[in-house]
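In case you want the letters, here they are:
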Amino acid sequence: MHPKFIIVSRPESPLKGTLVYGMVVNHRDLVSGYVKVHGGGWYVKDDHKKTMLLYGSSGDYGEPRLDFLNRIPGELKGYTFLYSANWGKTSRELDVSDVEWV
């Protein structure tokens, strides 16, 4: 099992992407129902520092389309979100001030 994430949108709201994450073997294991996947990658969640580092890309769905990151699970509210194209490289903070916490 590996820490992976994807960004998905449902047909009724195709421009609203939701972060889905979990410990899975394949990125496609995170897909539930009929959705459009806007890429994905890996994550490191640090509950002590309250950070969520998203990095890399999905072998199943490609690089994450962060412009579709509009909805984030409520249990992550208060976390700082970072993104890096590659593990161990410089990351940048993502602006989550306008996201919907679900």
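Look above for the structure.
Residues numbered from 1 in each chain as written. Predicted model: local features only at pLDDT ≥ 70, side-chain atom pairs only at ≥ 80, totals over all residues. Heavy atoms only, no water.

1. Describing the pairing of strand β1 (residues 2–9)
Right, on to step 1. With 6 of its 8 residues buried, β1 lies for the most part within the structure.
Right, on to step 2. Relative to strand β2 (residues 17–24), β1 runs antiparallel, the two being bridged by 7 bridges. What sits directly across from H2, in β2, is V24.
Right, on to step 3. Relative to strand β3 (residues 36–46), β1 runs antiparallel, the two sharing 5 bridges. Residue pairing for β3: V8 is matched across the bridge by V37. (Buried < 20%, exposed > 50% of the residue type's maximum accessible area, 1.4 Å probe, protein only. Helix = DSSP H or I, 4+ residues; strand = E, 2+ residues; numbered from the N terminus. Pairing = 2+ DSSP bridges.)

2. Quick word on unusual backbone geometry
Right, on to step 1. Positive phi outside glycine occurs at K50, with the angle close to 55°.
Right, on to step 2. Assessed through its relative accessible area of 37%, K50 is described here as partly exposed.

3. Brief notes about the nonpolar core
Right, on to step 1. Counting 18 residues, the largest nonpolar core has L19, I72, L76 and F81 as the members making the most contacts within it.
Right, on to step 2. Those elements giving two or more residues to this core turn out to be β1, β2, β4 (51–55), β5 (69–72) and β6 (80–84).
Right, on to step 3. Residues in contact with I72, not counting those within four places in the same chain, are L19, F81, V96, V99, E100, W101 and V102.
Right, on to step 4. In terms of nonpolar packing, the next biggest core, distinct from the first, is built from 6 residues, V8, V24, L30 and V35 among them. (Core = buried A, V, L, I, M, F, W, Y, C linked by side-chain atoms within 4.5 Å. Contact = heavy atoms within 4.5 Å.)

4. Focus: the environment of L15
Right, on to step 1. Mapped onto the secondary structure, L15 falls in the loop between β1 and β2.
Right, on to step 2. Assessed through its relative accessible area of 65%, L15 is described here as exposed.
Right, on to step 3. Placed 59 residues apart in sequence, L15 and G74 show a C-alpha to C-alpha distance of 19 Å.
Right, on to step 4. Ignoring anything within four residues of it in the chain, the contact list for L15 reads F68 and N70.

5. What to know about the packing of aromatic side chains
Right, on to step 1. Taken as a whole and judged by the stated rule, the model has 3 aromatic pairs.
Right, on to step 2. With a centroid separation of 5.3 Å and an interplanar angle of 85°, the aromatic rings of Y21 and Y43 are classed as edge-to-face. Here the residue Y21 occupies a position in strand β2, and Y43 occupies one in strand β3, the gap between them amounting to 22 residues. Accessibility classification places Y21 together with Y43 in one group, the buried group. (Phe/Tyr/Trp six-rings, centres within 6.5 Å; stacked < 30°, edge-to-face > 60°.)

6. Points about the side chain of H38
Right, on to step 1. Mapped onto the fold, H38 is located in strand β3.
Right, on to step 2. Among the polar contacts made by the side chain of H38, one reaches the side chain of S9 at a distance of 2.8 Å.
Right, on to step 3. Ignoring sequence-local partners within four residues, the contact set of H38 consists of I7, V8, S9, P14, E63, P64, R65 and F68. (Polar contact = N/O pair within 3.5 Å; in protein donor to acceptor, adjacent residues only side chain to side chain.)

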